[in-house]
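Residues per chain are reported as follows:
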Amino acid sequence: MTDTESFPPDAALAALRSLRQSRRFLPDPIAREDLEQLLEVARWTGSAKNTQPWHLVVVTDRETNSALAGMGAFAGFLAGVAASIVVAVRGDGRSVAYDDGRLQERVMLAASHLGIGSGTAWFSTPENRQQVRDLLGMPAELEPWSAIGLGYTDTSQKQASPQLSGRKPLAEIVSWGRYGAQPSA
Ligand SMILES: Cc1cc2nc3c(=O)[nH]c(=O)nc-3n(C[C@H](O)[C@H](O)[C@H](O)COP(=O)(O)O)c2cc1C
């Protein structure tokens, strides 16, 4: 069986296009095996020079997730997740930030493949990130910029405010051949 037979391209593209951030979750827990599958996906994420500059803390305890929810201006939804994965990175600069985002997006895509909703929660300030380090006993050289909140999406609730939904049209963000040029018909 080829890859395209097991996962038809149309379905794969539709899934990629339609993945949205979840912020409201059902109380159901996530199976340990599913969390482990997500961690394997995370582990195999590529990084600059294969440095793998990350450490992940999996938090399934509701009290700890509720505490994390208070550590970022928009992290409140972590109070209702089944689990979170706090992603901390070593070092700074654009390439580490790129690696961090790359891992997180890959985990979120993998979660959606397992039917699990996910969302980014940002630990906004240096003080917030110190609170996260203190709570989780993390060493000072790790910077916990954000967490991936996970759970089964409560589809009876709105996941985002209107200003956080929708996208710019392609013509506004893409040029063809030369900046500002659109493709000929
Ligand atoms: C760097 C970054 C930080 C984010 N921080 C938060 C956050 O703290 N809280 C939150 O609810 N969403 C956060 N988000 C999610 C964005 O709000 C979301 O990706 C955007 O609104 C598009 O949502 P949609 O894919 O559901 O349409 C963050 C996303 C990124 C890329």
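Reference entry: report on the structure contained in this document. (Residues numbered from 1 in each chain as written. Predicted model: local features only at pLDDT ≥ 70, side-chain atom pairs only at ≥ 80, totals over all residues. Heavy atoms only, no water.)

### Structural notes on the site of the ligand
Step number 1: Near the ligand the following residues occur: Arg20, Gln21, Arg23, Phe74, Phe77, Thr120, Ala121, Trp122, Leu164 and Arg167.
Step number 2: Separating an oxygen atom of the ligand from a side-chain N or O atom of Arg20 is a distance of 3.1 Å.
Step number 3: Interatomic distance of 3.3 Å between a backbone N/O atom of Leu164 and an oxygen atom of the ligand.
Step number 4: In the complex, the protein chains occlude 68% of the 630 Å² of accessible area that the ligand would expose alone.
Step number 5: For the shell around the ligand, a count of residues per class yields five nonpolar, two polar and three charged. (Near = heavy atom within 4 Å. Polar contact = N/O pair within 3.5 Å; in protein donor to acceptor, adjacent residues only side chain to side chain. Areas by Shrake-Rupley, 256 points an atom, 1.4 Å probe, with all protein chains shown as cover. Nonpolar A, V, L, I, M, F, W, Y, C, P; charged D, E, K, R; others polar.)

### Examining the nonpolar core
Step number 1: Core analysis: the largest hydrophobic core is formed by 19 residues, its most contacted members being Ile30, Leu38, Leu103, Val107, Ile148 and Leu150.
Step number 2: Residue contributions to this core peak at six residues, all from helix H5 (residues 94–113). (Core = buried A, V, L, I, M, F, W, Y, C linked by side-chain atoms within 4.5 Å. Buried < 20%, exposed > 50% of the residue type's maximum accessible area, 1.4 Å probe, protein only. Helix = DSSP H or I, 4+ residues; strand = E, 2+ residues; numbered from the N terminus.)

### Things to note about the pattern of salt bridges
Step number 1: Tallying each qualifying case throughout the model produces four salt bridges.
Step number 2: Put simply, Arg43 and Glu40 hold a salt bridge, and the shortest N to O gap is 3.2 Å. Linking Arg43 with Glu40, this pair stays in helix H3 (residues 32–43), spanning three residues, or about one helical turn.
Step number 3: Residue Glu143 is joined to Arg133 by a salt bridge in which the shortest nitrogen-to-oxygen separation is 3.6 Å. Here Arg133 lies in helix H6 (residues 126–136) and Glu143 lies in strand S4 (residues 142–151), a separation of 10 residues in the sequence.
Step number 4: In this structure Glu143 comes out as partly exposed when scored by relative accessible area, which is 22%. (Salt bridge = Lys/Arg side-chain N within 4 Å of Asp/Glu carboxyl O.)

### Details of unusual backbone geometry
Step number 1: The phi dihedral of Lys49 falls on the positive side, at around 55 degrees, and the residue is not glycine.
Step number 2: Structurally, the position occupied by Lys49 is in the loop between H3 and strand S1 (54–59).
Step number 3: The exposed category is assigned to Lys49, whose relative accessible area is 81%.
Step number 4: Located in the positive-phi region is Gln52, a residue other than glycine, with phi close to 45 degrees.
Step number 5: When you line up the elements, Gln52 lands in the loop between H3 and S1.

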